[in-house]
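Fold and contact review
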Amino acid sequence: MHKLFRIGLAALLATVVYTASAQQQQQECPLVPKPVEAVAVEGSFTIDNNSVVLYDEEFAAQARLFQNELLEQCGISPILAPEGSAKGLSGRRIELRKASKKALATEGAYTLHIGPEAILLNASNRQGMIHATMSLLQLARLAYHNTKGYVSRDTWNVYYYNDALNAAPQEQSVTIKGWNISDSPRFGWRGLMLDEARHFFGKQKVKQLINYMALYKLNRLHWHLSDEQGWRVEIKAYPKLALIGGIGHNTDPFAPAQYYTQDEVREIVAYAAERGIEILPEIDMPGHATAITRAYPELSGGSKGSRKPNYTLNPGKEELYTFLNRVLKEVDALFPYQTIHIGGDELKDGNSVWNDNADIQNLMKRENLASFLDVEHYFAERVADSLFKMNNRIAAWDELAGLDLPSDKTLIYAWRPDKVQMLRKAVEKNYNIVFSPRLPMYLDYAQDSLQVHGVGWKKFGVNSYRKIYAWEYTSLDVDFSKGGNILGIQANMWTERVDTPNRLDYLVYPRMIALAENAWTQKELKDIDSFDQRLKEQFILLRVDDIYFNNPFDPSEHGEPPF
Ligand code: ACM
């Protein structure tokens, strides 16, 4: 080869390589939530049926979850190989390795290297490895569907199985671009609340929600299981709770009973735990208790007017505490998170009749209680006492921030940005605090001014995904230097006006995804323009799963389902 030509070629190659790597540097990693750091690596890794998943024993469950999810999502089933069993396996390696505590100390932290020779996932704890596998799965799913084009999962399954019946199915594989990712969460509490008391959605829908929570690294599902309209969990000691309390929902008070059996609850709890999600049950009391008093009228403390009949429990009745203790014992056994939410909200909607209630008047005299708020505190402290004896923490809405309880065992949910005095109390008492402010974290509120059903946007404005993305607790007029242990943030899906799975999807997605990035990604790294770009890419995953999401970039993709 002529020398000059050789030099010219080398220079040209150098320029091409330089330009390519400069482009890679600039390229943004598509992950949601955005990781702390993601540096492009040259080349790519192809996962296929011969790939070998090597893992340290501690991460056996995550290796298996990864294998199963990859089969479910992309039709690929790599080979699992515990340490020492990979001899003779020639496929390229995906390794799940234990990092030293020092390197990845934060709960949930991980690193993920994807290069042409290997994929390496590192974490020092189980939660971190779950997040590492979820990041890898998200990249794999995006790459797979972006290559194959989009078909809904139902259609895809039909093709796949028809193919398999008639001839050998095509071998599936996915090629993932190289990345070096280091990541850790901003908040330890990244929550979503689902209200199944007002409308019941059932196991499959809840599991799908859990799948997407896990994909976006949310880690607390707050399950609102009782309210005026229905009681949704089987309690063996008091079967009428489910059989009678379970009858009806917000649209039809006579609909046949709907509730989760204890076996179903265990199944859902285990499914969530596998994916790094703790479930926190809420049994709302002493208000919002109509479903309980429908089943056991003797526990009713009545209520004002006919709009909310028997809305309250009767804290003046000693049998109530025996009843609640037994109910909570079963709830404690079903939910291993050891934290139970007792509601405590909006008692004022019904307790004016307590003036004429002899049990309550006697209680007030006996215990020297001056007001109904004192009665509620007396009640809540007795319930808290029961929970502490079960080695549980107590969680409650901010109406109960005035309670005197051990701070390490108490969680207060700030939901009323217009009542910051309650949040100030929680801060002064040094309670654990979860922020789920009505504005913008209530998902039953309108997300844009196109919405015609549900909570009117003209009254409250819109709780758009952008507001959820941007919200910071420092916007509240509270001096957080005084105390309080800030756990994190949560969005609440109340379902009075959500009666179908499509309407649920429409209100949850994409706002849940915006919440997830706000909860996970360090404040300085949040960037709405970058989020918009990555969010658009995520929609392919929702389309594959036939999720009826709201597309803010093209609202005509799915119109608002009526209510
Ligand atoms: C609530 O929205 N009542 C907590």
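You'll find the structure just up there.
The notes below deal with the structure included here. Remember, it's a predicted structure, so these values are computed and weren't measured experimentally.

Concerning the sheet that holds strand S10 (residues 278–285)
To summarise the sheet geometry, strands pair through backbone hydrogen bonds and adopt either a parallel or an antiparallel arrangement. Read around the barrel, eight strands follow the order S8-S9-S10-S13-S14-S15-S16-S17 and close on themselves; strand pairing throughout is parallel. Shown here is a sheet whose adjacent strand axes are inclined to one another by a mean of 30°, direction ignored. Pairing of strand S8 (residues 189–195) with strand S9 (residues 220–224) involves five bridges; the strand directions are parallel. Residue pairing in the sheet places leucine 192 in a bridge with leucine 221 of S9.

Some points on the nonpolar core
Within the largest apolar cluster, 155 residues are counted, with the highest numbers of intra-cluster contacts made by Ile47, Ile94, Leu241, Phe323, Phe435, Tyr509 and Met512. Beyond its immediate stretch of four places on either side in the chain, phenylalanine 323 contacts Tyr238, Leu241, Ile292, Tyr296 and Leu299.

Observations regarding helix H18 (residues 528–544)
Here H18 contains 17 residues, and its C-alpha end-to-end distance of 25 Å stays within 8% of the 24 Å for a straight helix at 1.5 Å per residue. At glutamate 537, H18 shows its maximal kink, close to 25°. For H18, every residue scored as buried is listed here: Ser530, Phe531, Asp532, Arg534, Leu535, Gln538, Phe539, Ile540, Leu541, Leu542 and Val544. The N-capping residue of H18, defined by a side-chain oxygen 3.0 Å from the backbone nitrogen of aspartate 529, is aspartate 527. Following H18 by one or two positions, aspartate 546 adopts a phi angle in the positive range, close to 55°.

Re the packing of helix H2 (residues 60–74) against helix H3 (residues 126–148)
It is the contact of H2 with H3, at a shortest axis distance of 10 Å, that shows an interaxial angle of 20°. Between H2 and H3, the crossing angle belongs to the class labelled roughly parallel. Where H2 crosses over H3, the two elements pack in a sense that is right-handed. Between H2 and H3, the contacting residues are Gln62, Leu65, Phe66, Glu69, Leu70, Gln73 and Cys74 on the first element and Arg126, Met129, Ile130, Thr133, Met134, Leu136, Leu137, Ala140, Arg141, Tyr144 and His145 on the second.

Comments concerning the packing of aromatic side chains
Applying the stated criterion across every chain, the model contains 30 aromatic pairs. With a centroid separation of 5.0 Å and an interplanar angle of 35°, the aromatic rings of tyrosine 445 and phenylalanine 460 are classed as tilted. Within this pair, whereas tyrosine 445 is found in the loop between helix H13 (438–441) and helix H14 (457–460), its partner phenylalanine 460 is found in helix H14, the two being separated by 15 residues in sequence. Residue classification places phenylalanine 460 among the partly exposed residues on the basis of a relative accessible area of 27%. Aromatic rings pair up to connect Trp189, Tyr337, Trp397, Tyr413, Trp415, Tyr442, Tyr445, Phe460 and Trp494 into one cluster.

Digging into the packing of helix H10 (residues 358–367) against helix H11 (residues 372–389)
Two numbers describe how H10 lies on H11: the axes approach to 11 Å, and their chain directions differ by 80°. Viewed along their axes, H10 and H11 adopt a mutual orientation that is roughly perpendicular. Residues Ile360, Gln361, Leu363, Met364, Arg366 and Glu367 of H10 form the contact with H11, whose participating residues are Phe372, Val375 and Tyr378. Here the residues of the contact of H10 with H11 are counted per class, giving six nonpolar, one polar and two charged.

Criteria and cut-off values
Residues numbered from 1 in each chain as written. Predicted model: local features only at pLDDT ≥ 70, side-chain atom pairs only at ≥ 80, totals over all residues. Heavy atoms only, no water. Pairing = 2+ DSSP bridges. Helix = DSSP H or I, 4+ residues; strand = E, 2+ residues; numbered from the N terminus. Axes fitted to C-alpha atoms, helices over the stretch in contact; angles between N-to-C directions. Core = buried A, V, L, I, M, F, W, Y, C linked by side-chain atoms within 4.5 Å. Buried < 20%, exposed > 50% of the residue type's maximum accessible area, 1.4 Å probe, protein only. Contact = heavy atoms within 4.5 Å. Expected span 1.5 Å × (residues − 1). Bend = angle between axes of the 7 residues up to and from the residue. Polar contact = N/O pair within 3.5 Å; in protein donor to acceptor, adjacent residues only side chain to side chain. Parallel < 35°, antiparallel > 145°, perpendicular 65-115°, else oblique. Left-handed = near helix turned anticlockwise from the far one by under 90°. Phe/Tyr/Trp six-rings, centres within 6.5 Å; stacked < 30°, edge-to-face > 60°. Nonpolar A, V, L, I, M, F, W, Y, C, P; charged D, E, K, R; others polar.

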